[in-house]
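Below, each chain spelled out in residue letters.
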Amino acid sequence: MVALSTTSPVLGIEIDNESNFIYWYELTPGTRRIRRADLLTGTNITTIYGTSDFIFDIKLIKKDSSILFTNRNGNRLQKIKTDGPGLITLASETSTATI
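Residues numbered from 1 in each chain as written. Predicted model: local features only at pLDDT ≥ 70, side-chain atom pairs only at ≥ 80, totals over all residues. Heavy atoms only, no water.

*Asks:* Can you tell me about the pairing of strand β2 (residues 21–28), naming the residues and giving the values?
*Replies:* Counting buried positions along β2 gives 7 out of 8 residues, so the element sits mostly inside the fold. Where strand β1 (residues 10–16) lies against β2, 5 bridges are found, and the strand directions are antiparallel. Residue pairing in the sheet places L11 in a bridge with Y25 of β2. Sheet analysis places β2 next to strand β3 (residues 31–38), joined by 8 bridges and oriented antiparallel. In the strand pairing of β3, T28 is matched with T31. Connecting β2 to the antiparallel partner β3 that follows it, the hairpin turn spans 2 residues, and G30 within it adopts a positive phi of roughly 85°. (Buried < 20%, exposed > 50% of the residue type's maximum accessible area, 1.4 Å probe, protein only. Helix = DSSP H or I, 4+ residues; strand = E, 2+ residues; numbered from the N terminus. Pairing = 2+ DSSP bridges.)

*Asks:* I'd like to hear about the pairing of strand β6 (residues 66–71), residue by residue, with values.
*Replies:* Remark: a regular strand shows side chains that alternate across the two faces of the sheet. Note that strand β5 (residues 55–61) and β6 share 5 bridges and pair antiparallel. Residue pairing across strands places I55 opposite N71, the latter belonging to β6. Linking β5 to β6, which pair antiparallel, is a turn of 4 residues; within it S65 sits at a positive phi near 50°. As judged from the 6 bridges shared by β6 and strand β7 (residues 76–81), these two strands associate in the antiparallel manner. Bridge pairing in β7 links S66 to K81. The antiparallel hairpin formed by β6 and β7 contains 4 residues in its connecting segment, where G74 sits at a positive phi of about 85°.

*Asks:* Account for unusual backbone geometry, with residues named and values stated.
*Replies:* Positive phi is not limited to glycine here, since D57 has a value of about 60°. Turning to its location among the elements, D57 is positioned in strand β5. What makes D57 partly exposed here is its relative accessible area of 47%. Phi at S65 takes a positive value of approximately 50°, unusual for a residue other than glycine.

*Asks:* A description of the sheet that holds β2 should follow, citing residues and the corresponding values.
*Replies:* Either a parallel or an antiparallel arrangement is found when strands of a sheet pair, and the pairing is made through backbone hydrogen bonds. Strand order in the open sheet made by the 4 strands is β1-β2-β3-β4, with antiparallel pairing throughout. At either margin of the open sheet sits one strand with a lone partner, and together these are β1 and β4 (46–51). This sheet shows a mean twist of 15° between the axes of neighbouring strands, independent of strand direction. (Axes fitted to C-alpha atoms, helices over the stretch in contact; angles between N-to-C directions.)

Here you go:
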């Protein structure tokens, strides 16, 4: 068991046993963050991505050291490198209504 030093709700946990990191996302008032920490100690917490959008459903992709996640603002599927740079939108949905 890893004790993370955060007071925010921790969701969507992913484990990378090869690199010894744990990844998760947090929902805080006004800010959502994808974060990582050392797997064995829970220390060295780093924010990979922060936004006011609603992030859900993270998935670690070890093959290219990235994290896939859904962004409910605009219904987007996005990807970011595990060290933070390179945010890419892979798919999005734009809906309009006619009344």
